[in-house]
Amino acid sequence: MGISENVLQKYAELIVRIGANVQQGQVVQLTVAVEQHDFAALIMEECYKAGAKKVNVEWMFDRQNKLNYLYADQETLGRVLPWEEEKLKQMVQDLPVRIFIASEDPDAMNGVDPQKLSAVMQSRSAVIKPYRNAIDGKHQWCIAAYPSVKWAKKCFPSLSDEEAVNKLWDAILKTVRVEEENDPVAAWKAHTDFIEKKAAWLNAQGFSSLRYHSANGTDFTVDLIPDAKWEGAGAVNAVNGAFYIPNMPTEEIFTSPMAGKCEGTLVAVKPLSWNSQLIEDFAITFENGRAVSCHAAKGQELLERMIHMDEGAAMLGEVALVPKESPVNQCGFLFYETLFDENACCHVALGMGFKEVLPGGDDLTVAQAQEKGVNDSIIHVDFMVGADDLSIDGVRPDGTLVPVFRGGTWA
Ligand code: ZN
């Protein structure tokens, strides 16, 4: 493959030291595909060098997952067994640093009944979610990517396996700012400083709502939660104060809007991949804060099912601002992976919001955060609305309009 050991090493270090920011004595849980065992070893070693007490690896294997879905029944798959729950309890106790290496084939679950997929997810989430909530804000985590052949071929079907993987590598490394000669740590410092400056500006404005307009039909207003913060790039583990970067790459500045308070239509500018299936050319119309209708040229039924996953699935949990100059957008292709695609341009997410955007949010229960307007759901699905001509105005509580975005980028 065309990627040098030097670059791989720099990338592994970046994920462990800057992304997850593993601290002395911490337990690490690494989730990675079996195909990526060499990179897993590299990450493990970096974690130990950073002082990790123990690195546990959770191996993923797309084909194993698919075979289970094809042959095992829904009830069996949907059940969380006692030993699995014990692992979750241990996680709440250890508060491990979690590192995820995304590399899966976007078509891995093709041929599996989507109804079964969402039913199993719904049933498992009901048990798993309280444990996830219990560690929220109290541990560091980082998702980064490693190209698999199948993923690369999905992005570049006309290239050979090797060419496709190399091309996806180039794109990934560009978006995570790793080059043969550069200092990625310094590059990330400059990048996170820029994002934090923009977030501070937004926070100082105290907007009560945002208005979106675009020639493609987007005409939308969303109310913000009065004292919720805009955040970006990094987060802080409330237990040990460690600064970490949950997503590599990351270009967005986001907040959770007031659940149930938005009106109008959002037109998607990129296809959405959900449960390994594509929803294309779609628009969603909101009334009284809820998605009341949707139209998709492809994947209509899937989109409707997504919106009806639970109470909160029809409401927004996130609004995020990303300028069109984003290196992900500059790559010019769809990654079929939210980690990248959501960093291409402005987006919103249906479903679960982020309680940490509220003052003292880490200490709130999900129900308390919900009372203040942060949406809750078992889903969190981002879709892109950042057209090249997108305008966004911030509305101050006194009604004054302040340009935030013009022509798809910062005004
Ligand atoms: Zn986002």
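Residues numbered from 1 in each chain as written. Predicted model: local features only at pLDDT ≥ 70, side-chain atom pairs only at ≥ 80, totals over all residues.

Draft legend 1. Focus on the sheet that holds strand 7 (residues 231–232). The strand order across the open sheet formed by five strands is 7-10-15-16-17, and the pairing between neighbours is antiparallel. Both outer strands of the open sheet, strand 7 and strand 17 (380–384), are each paired with one neighbouring strand and no more. With five bridges joining them, strand 16 (residues 347–351) and strand 17 adopt antiparallel strand pairing. In the sheet register, Gly351 faces strand 17, and the bridge partner there is His380. (Pairing = 2+ DSSP bridges. Helix = DSSP H or I, 4+ residues; strand = E, 2+ residues; numbered from the N terminus.)

Draft legend 2. Quick peek at the nonpolar core. Core analysis: the largest hydrophobic core is formed by 112 residues, its most contacted members being Ile15, Ile99 and Val385. Beyond its immediate sequence surroundings of up to four residues, Ile99 is in contact with Ile15, Ala20, Val28, Leu30, Ile43 and Cys142. (Core = buried A, V, L, I, M, F, W, Y, C linked by C-beta atoms within 7 Å. Buried ≥ 20, exposed ≤ 12 C-beta atoms within 10 Å, placed from the backbone. Contact = placed C-beta atoms within 7 Å.)

Draft legend 3. Examining the domain arrangement of the protein chain more closely. Here the protein chain is partitioned into domain 1 (5–175) and domain 2 (206–230 + 249–410). Here the C-alpha centroids of domain 1 and domain 2 sit 25 Å apart. At the junction of the two partners, domain 1 supplies 21 residues and domain 2 supplies 21 residues. Elements represented by at least two residues in the side of domain 1 that touches domain 2 include exactly helix 6 (114–135), strand 4 (141–145), helix 7 (149–155) and helix 8 (161–175). Here the side of domain 1 that touches domain 2 gets seven residues from one element, more than from any other, and that element is helix 6. (Domains from an automatic or database assignment.)

Draft legend 4. Region of the structure containing the packing of helix 1 (residues 5–19) against helix 2 (residues 37–49). Two elements in contact, helix 1 and helix 2, have axes whose closest approach is 9 Å; the angle formed by their N-to-C orientations is 50°. Put simply, helix 1 runs oblique to helix 2. Handedness of the crossing formed by helix 1 with helix 2: right-handed. Of the residues in helix 2, those touching helix 1 at Leu8, Gln9, Ala12, Glu13, Ile15 and Val16 are Leu42, Ile43, Glu46 and Cys47. In terms of residue class, the contact of helix 1 with helix 2 is built from seven nonpolar, one polar and two charged. (Axes fitted to C-alpha atoms, helices over the stretch in contact; angles between N-to-C directions. Parallel < 35°, antiparallel > 145°, perpendicular 65-115°, else oblique. Left-handed = near helix turned anticlockwise from the far one by under 90°. Nonpolar A, V, L, I, M, F, W, Y, C, P; charged D, E, K, R; others polar.)

Draft legend 5. Representation of unusual backbone geometry. Look at the link from Met248 to Pro249: it is a cis peptide, with omega at 10°. Mapping Pro249 onto the fold places it in the loop between strand 9 (243–244) and strand 10 (253–255). Positive phi, normally seen in glycine, also occurs at Asn21, with a value near 50°. Its location among the elements puts Asn21 in the loop between helix 1 and strand 1 (27–33). At Ala233, a position not held by glycine, the phi torsion is positive, near 60°. If you trace the backbone, Ala233 turns up in the loop between strand 7 and strand 8 (235–236). Judged by the 21 C-beta atoms lying within 10 Å of it, Ala233 falls in the buried class.

Draft legend 6. Seen up close, the pairing of strand 5 (residues 209–213). In strand 5, alternate side chains face the same way, and those of Leu210 and Tyr212 are buried while those of Ser209, Arg211 and His213 on the opposite face are not. Here five bridges tie strand 5 to strand 6 (residues 219–224), and the two strands are oriented antiparallel to one another. Note on strand 6: the bridge partner recorded for Tyr212 is Phe220. Two elements, strand 5 and strand 18 (residues 391–395), share five bridges in a ladder whose sense is antiparallel. Residue pairing for strand 18: His213 is matched across the bridge by Ser391.

Draft legend 7. View of the sheet that holds strand 3 (residues 97–102). Read across the sheet, four strands follow the order 2-1-3-4 without closing on themselves; strand pairing throughout is parallel. Across the chains shown, the open sheet's two edge strands, defined by having one partner strand only, are strand 2 (54–60) and strand 4. Pairwise comparison of adjacent strand axes, ignoring direction, gives a mean angle of 15° for this sheet. Pairing between strand 1 and strand 3: four bridges, direction parallel. Paired with Thr31 across the strands is Phe100, a residue of strand 3.

Draft legend 8. Region of interest: helix 1. Between the first and last C-alpha of helix 1 there are 20 Å, a value that for 15 residues agrees with the 21 Å anticipated at 1.5 Å per step. The inward-facing, buried residues of helix 1 abut helix 2, strand 3, strand 4, helix 9 (184–205) and strand 9. In the stretch just after helix 1, Asn21 is the one whose phi turns positive, near 50°. (Expected span 1.5 Å × (residues − 1).)

Draft legend 9. Summary view of helix 10 (residues 300–307). When we look at burial in helix 10, the residues that qualify are Leu302, Leu303, Met306 and Ile307. Seen end-on, helix 10 carries its buried residues on one side only, within an arc spanning 135°. (Arc of directions from axis to C-beta.)

Draft legend 10. Quick peek at the environment of Arg63. Relative to the assigned elements, Arg63 resides in helix 3 (residues 62–71). Considered as a pair, Arg63 and Asp105 are 42 residues apart in the sequence and their alpha carbons are 9.9 Å apart.

Draft legend 11. Region of the structure containing the packing of helix 5 (residues 82–94) against helix 6. One can describe the packing of helix 5 onto helix 6 by two numbers: an axis separation of 9 Å at closest approach and a directional angle of 10°. Judged by the inter-axis angle, helix 5 sits roughly parallel to helix 6. Each of Glu85, Leu88, Met91 and Val92 in helix 5 lies in contact with helix 6, whose residues at this interface are Val127, Ile128, Tyr131, Ala134 and Ile135. A breakdown of the residues in the contact of helix 5 with helix 6 according to their chemical character gives eight nonpolar, no polar and one charged.

Draft legend 12. Structural view of the pairing of strand 18. Burial along strand 18 is one-sided: the face carrying Ile392 and Gly394 is buried and the face carrying Ser391, Asp393 and Val395 is not. Examined bridge by bridge, strand 18 and strand 19 (residues 401–406) share four bridges and lie antiparallel to one another. Note on strand 19: the bridge partner recorded for Val395 is Leu401. Between strand 18 and strand 19, which pair antiparallel in sequence order, lie five residues; one of them, Gly399, sits at a positive phi of approximately 95°.

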